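Commentary on secondary and tertiary structure
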Amino acid sequence: TYIFVCRIHPLRKRKNKLCIIAYKKVHKLDLDTMREVIGELYPEYLEAHDKVMNRNWGHQGNIYIMRKDLYDEHCAFMFPVLEECEKRLQGKRHDYNRYIASLAEFLPDIWVEKKKYEYIELPLFMPEEPSFFRRIINLINRMFQNKNIN
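Below or above, wherever it landed, is the structure these notes cover.

Quick notes on the rules
- Positions within a chain are numbered from 1, following the residues in the order the chain's sequence is written.
- Since the coordinates come from a predicted model, pLDDT governs what is reported: local features require at least 70, and pairs of side-chain atoms require 80 or more to be given and counted, while whole-chain, interface and lining totals use all residues.
- Excluding hydrogens and water, the side-chain values take into account all heavy atoms of the structure.
- Buried Ala, Val, Leu, Ile, Met, Phe, Trp, Tyr and Cys residues that are joined via side-chain atoms within 4.5 Å together make up what is termed a nonpolar core.
- Remark: exposure states derive from per-residue accessible area (1.4 Å probe, protein chains only) relative to the maximum for the residue type, with buried under 20%, exposed over 50%, and partly exposed in between.
- By definition, any uninterrupted DSSP run of H or I lasting at least four residues is a helix, any uninterrupted run of E lasting at least two residues is a strand, and each is numbered from the N terminus.
- This arc describes the spread of directions from the helix axis toward the C-beta atoms.
- Think of a salt bridge as a Lys or Arg side-chain nitrogen and an Asp or Glu carboxyl oxygen that are within 4 Å of each other.

**What about the nonpolar core?**
One finds Met-34, Ile-38, Phe-77, Val-81, Leu-107 and Ile-110 to be the most contacted residues of the largest nonpolar core, which totals 28 residues. At the level of secondary structure, the elements contributing two or more residues to this core comprise α3 (28–41), α4 (46–53), α5 (68–89), α6 (99–104) and α7 (107–115). Ranked by the residues each element gives to this core, the list is headed by α5, at seven residues.

**Remarks on unusual backbone geometry**
You will see that Lys-116, though not glycine, has its phi angle at about 60°, which is positive. Within the element layout of this structure, Lys-116 appears in the loop between α7 and β3 (118–123).

**Some thoughts on α4**
Residues Leu-46, Ala-48, His-49, Val-52 and Met-53 constitute the buried set of α4. Buried residues of α4, viewed axially, fall in a sector of 160°; they line one side.

**Structural notes on the pattern of salt bridges**
All chains considered together, the criterion is met by twelve salt bridges. A salt bridge links Lys-51 to Glu-113, with the nearest nitrogen and oxygen atoms 3.1 Å apart. With a gap of 62 residues between them, Lys-51 in helix α4 and Glu-113 in helix α7 connect regions that are remote in the sequence. Its relative accessible area of 47% is what places Lys-51 among the partly exposed residues. Residue Lys-115 pairs with Glu-73 through a salt bridge whose shortest N-O separation is 3.4 Å. Of the two residues, Lys-115 sits in helix α7 while Glu-73 sits in helix α5, which places them 42 residues apart along the sequence. Exposure remark for Lys-115: the relative accessible area of 36% places this residue in the partly exposed category.

What follows is the structure in structure tokens.
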């Protein structure tokens, strides 16, 4: 069984290491909450979670092509985790801009790692992608000032 993963950044493993490290610092509460929820709802996924979260790369973007039965299986794992994270983080977040969507970007890799599904990465063309530099500046600003540059 293959899952086709569209990579927004084909060179992400090398290019975005700083971006992912900064993300993990900015969203530590979210990520810790997600690990706690996975441990309670799906303890068999904790090893896969820890392996994925210790990487400096990932398949952000949530763009996949897979059979419907696999998609249903993935959704049955992902949505209960996200719903519980949202309940627990309600009122604890200073910034409500897409934090659940950001957490959701890690869950497919955790699911694929646990299930040992093979995948093929496909490039994705994004003509209006924000510059790498602007994304790094925004992350650093959010780390220290909770602000975004437009």
